[in-house]
Structure formats: structure tokens, C-alpha cells
Amino acid sequence: MKLVVQVKLLPDAATQAALRETLVLCNRAANHASRRAFTTGVKGKTSLQRVVYGEPKAMGLSAQPAIHAIRKVADAYATLKANLKAGNYGPQGSRRRAAVESTPVRLRKDAAQPFDDRCLSWQLDARTVSIWTARGRCGRIPFACSPAQLDMLTRYRRFAQLGSFITYKAQRCGVPVVHVDPAYTSKGCSACGHVDDRNRPDQATFACTSCGFAEHADVNAARNIAARGVAGWAVSHAADDAA
Ligand SMILES: [Zn+2]
């Protein structure tokens, strides 16, 4: 699921300069990665990251912005490839197509740059956000957004924090936390493993069409989750033993 919340930053002049400088630096690093992709022919997200590894960092980017700059380049080459294939730059051998194919993809110096949660921290009550920049972290930049958007942002933060709070508190108490893939836990039979949409005659009931096992749907799903947790725990400890 993707949530889109639009906010407008209201930086002072110094912060604005730092943000602009950061954007320019990110795109300079992206253009560097693009030239490397062009000369080496390596254009995949992961493979390109291996090729240009460390270079964006040497240019002054921290790890996450560097990864996003490289991904942005890989995406641009993927889009270009699709456009070439669709004939959007003319047929094979045309001058326009040849010109596009013979030069590296070039990003504008103010092209959009993705920032992830590790580069941002929100102070929602104060309506400020702290952002990583090339000049260091810019703290408490005021932002504006509609009440509905602020509400969505607040809910998302709570949801995102829930996972880390559980892990943190559990660790403090010495309780292991195993993350479990929840797919099909509500449709699968906890007795025989049979997965079928028809195992759920209604929201509350689980009734296996294969072995006849029946109980409250939530209890059956909880048994499946518990079983996967045990499997995940065994796997993660097998890794510890091997180390
Ligand atoms: Zn069954």
C-alpha cells in the first residue's frame, strides 16, 4: 500500500540553500552513476549499485541518498529502454534514436530526489521536520499541509512505530520477535495446511473443505501465524548456530 501525503516545506534562507545544494549534489551523483552505467553497460538497480559503490559517498552523499540516486538512474534507463522498444524515439537506425542511444541519460540538476524515513524525522505536533542535507542535518524545518494530510501522516507514524516499539520492548524483556509472512493465514487450514477461499464460508467461520477441521476463523489464523513463527525462529537460530 502506498500513501501519498503532500507537505510544503517552509525553510529559512540558510536551510533553503542547504536543501538546494543537496538536491544538486544528489543529481550530480546520479549523473556520475549514469555515465558509469553507460560506459559499463550495467544498468540494473542492484548491479549498478555494486559498480558505483562508494563513489556517491565520496562525493558527499550519505548512504541512503546515494542508493536512491543510483536507483533513480536505473529507473531512468529502464524507462528509456521501454521507450526505445516502443519506437518512441523513431525506428532503428533513425538519427533521433541514434542520438538518444549514444549519450548517457542526463538528469536535470533539480530533478526530484526520493528521501526515505531514515533521512527524515517528523515532529508532527510542532509541524516541523528534520532532513538530512549535504551540510548535515537541518533540524526542525516548519512545514504546511492540510489537516486531513496531517492526520494521515500521524496515523502512518503510529503504525510505523508500533513495529519498532514491539521489537524494542520485547528485546528489553528478553522476548524474541519473529516477523511472519501473513499471506494465506486466514484461508489456510491449521490442521492439514489446505488453502482454499471456500475454507471461509463466512467472516467468523473457518471450515476446511479438505479435512473437515473447523473453528473460529481468527483462532485458526492465529494458529497458522504461531506455526510460521516457530518455523522462522528455528531458521533464524539455525543461522546463529552456523555462525
Ligand atoms: Zn484441513
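Read on for a plain summary of the structure. (Residues numbered from 1 in each chain as written. Predicted model: local features only at pLDDT ≥ 70, side-chain atom pairs only at ≥ 80, totals over all residues. Heavy atoms only, no water.)

1. Quick notes on the overall build of the chain
Definition in use: The helix and strand labels rest on DSSP assignments: H or I over at least four residues marks a helix, E over at least two residues marks a strand, and numbering proceeds from the N terminus. Relative accessible area decides the class of each residue, using a 1.4 Å probe on protein chains only: under 20% of the type maximum gives buried, over 50% gives exposed, and in between gives partly exposed.
Helix and strand counts for the chain stand at seven helices and six strands. Counting helices and strands in the order they occur from the N terminus, the chain gives β-α-α-α-α-α-β-β-β-α-β-β-α. With the C-alpha coordinates aligned to their principal axes, the bounding extent of the chain is approximately 65 × 55 × 45 Å. With 243 residues in all, the chain has 28% of them scored as buried.

2. Topic: a nonpolar patch on the surface
Test applied: Residues with no salt bridge and a relative accessible area higher than 30% make up the patches, which join like charges within 9 Å and nonpolar side chains (Val, Leu, Ile, Met, Phe, Trp, Tyr) within 5 Å. Note that accessible areas follow from Shrake-Rupley with a 1.4 Å probe, and for residues the cover is restricted to the protein chains shown. One side-chain nitrogen of Lys or Arg within 4 Å of one carboxyl oxygen of Asp or Glu is enough to make a salt bridge.
A cluster of nonpolar side chains, namely Leu3, Tyr156 and Phe159, defines an oily patch on the protein surface of about 330 Å² accessible area. Within the fold, leucine 3 resides in the segment before strand 1 (8–9). Judged by relative accessible area, which is 42%, leucine 3 ranks as partly exposed.

3. Some points on the pattern of salt bridges
By the definition in use, this model includes 10 salt bridges. Here lysine 45 makes a salt bridge to aspartate 75, at a shortest N to O gap of 3.2 Å. Of the two residues, lysine 45 sits in helix 2 (residues 45–51) while aspartate 75 sits in helix 4 (residues 63–85), which places them 30 residues apart along the sequence. According to the relative accessible area criterion, lysine 45 is partly exposed, its value standing at 40%. Between aspartate 151 and arginine 155 there is a salt bridge, with the nearest N and O atoms lying 3.0 Å from each other. Of the two residues, aspartate 151 and arginine 155 both sit in helix 6 (residues 147–172), four residues apart, roughly one turn of that helix.

4. So, helix 4
Three or four residues apart is the spacing at which side chains of an α-helix point the same way, because the helix has 3.6 residues per turn. Spelled out, the test is: An expected span of 1.5 Å times one less than the residue number is assigned to each helix.
Relative to the 33 Å expected for 23 residues at 1.5 Å per residue, helix 4 spans 33 Å between its end C-alpha atoms, a close match to the ideal helical length. Those residues of helix 4 that fall on the buried side of the exposure criterion are Gln64, Pro65, Ala66, His68, Ala69, Ile70, Lys72, Val73, Ala74, Tyr77, Leu80 and Leu84.

5. With respect to the coordination of the zinc ion
Let me state the cut-off plainly: For Na, K and Ca the donor cutoff is 3.2 Å, while for all other metals N, O and S atoms count as donors only within 2.8 Å; water does not appear among the atoms, so some sites may look incomplete. Square planar and octahedral assignments, for four and six donors respectively, both demand that opposite donors be over 155 degrees apart and that all other angles lie between 65 and 115; tetrahedral needs four donors with all angles between 85 and 135 degrees, and anything else is irregular.
Donor atoms from the polypeptide that coordinate the zinc ion comprise Cys189 (SG), Cys192 (SG), Cys208 (SG) and Cys211 (SG), at 2.3 to 2.4 Å from the metal. Every donor counted, the four donor atoms about the zinc ion form angles of 105 to 114° at the centre, which fits tetrahedral coordination. Expressed as a motif, the donor residue spacing for the zinc ion is C-x2-C-x15-C-x2-C. Taken together, the positions of cysteine 189 in the loop between helix 6 and strand 5 (205–207) and cysteine 211 in the loop between strand 5 and strand 6 (214–216) put the pair 22 residues apart, joining distant regions of the chain. In this structure cysteine 189 comes out as buried when scored by relative accessible area, which is 3%.

6. Overview of the state of the cysteines
A disulfide bridge is the covalent bond that connects two cysteines by way of their sulfur atoms. Definition in use: Cysteine sulfur atoms that come within 2.5 Å of each other are treated as a disulfide pair.
This structure, assessed with the given rule, holds zero disulfides. The thiol sulfur of cysteine 145 is not disulfide-bonded, and the nearest other cysteine sulfur, from cysteine 138, lies at 20 Å.

7. Focus on the nonpolar core
We count it as follows: Put simply, buried Ala, Val, Leu, Ile, Met, Phe, Trp, Tyr and Cys residues joined by side-chain atoms within 4.5 Å make one nonpolar core. The criterion used for residue contact is that any of the two residues' heavy atoms lie within 4.5 Å.
Within the largest apolar cluster, 21 residues are counted, with the highest numbers of intra-cluster contacts made by Leu48, Leu61, Val73 and Tyr77. The element best represented in this core is helix 4, accounting for seven residues. Excluding residues within four positions of it along the chain, valine 73 makes contact with Ala30, Ala33, Ser34, Leu48 and Leu107.

8. Points about helix 1 (residues 13–40)
A rise of 1.5 Å per residue sets the reference length of helix 1, with its 28 residues, at 40 Å; its end C-alpha atoms lie 40 Å apart and thus fit the reference within 8%. When we look at burial in helix 1, the residues that qualify are Thr15, Ala18, Thr22, Leu25, Cys26, Asn27, Ala29, Ala30, Asn31, Ala33, Ser34 and Ala37. Structurally, helix 1 contributes buried residues whose contacts are with helix 2, helix 3 (55–58), helix 4, strand 3 (128–133) and strand 4 (136–144). Following helix 1 by one or two positions, glycine 41 adopts a phi angle in the positive range, close to 80°.

9. Quick word on the sheet that holds strand 4
Test applied: The rule for pairing is simple: two strands pair if DSSP sees at least two bridges between them.
The strand order across the open sheet built from four strands is 1-4-3-2, with neighbouring strands paired in antiparallel fashion. A strand with exactly one partner marks an edge of an open sheet, and here the two such strands are strand 1 and strand 2 (120–123). Sheet analysis places strand 1 next to strand 4, joined by two bridges and oriented antiparallel. Within strand 4, the residue paired with leucine 9 across the bridge is phenylalanine 143.

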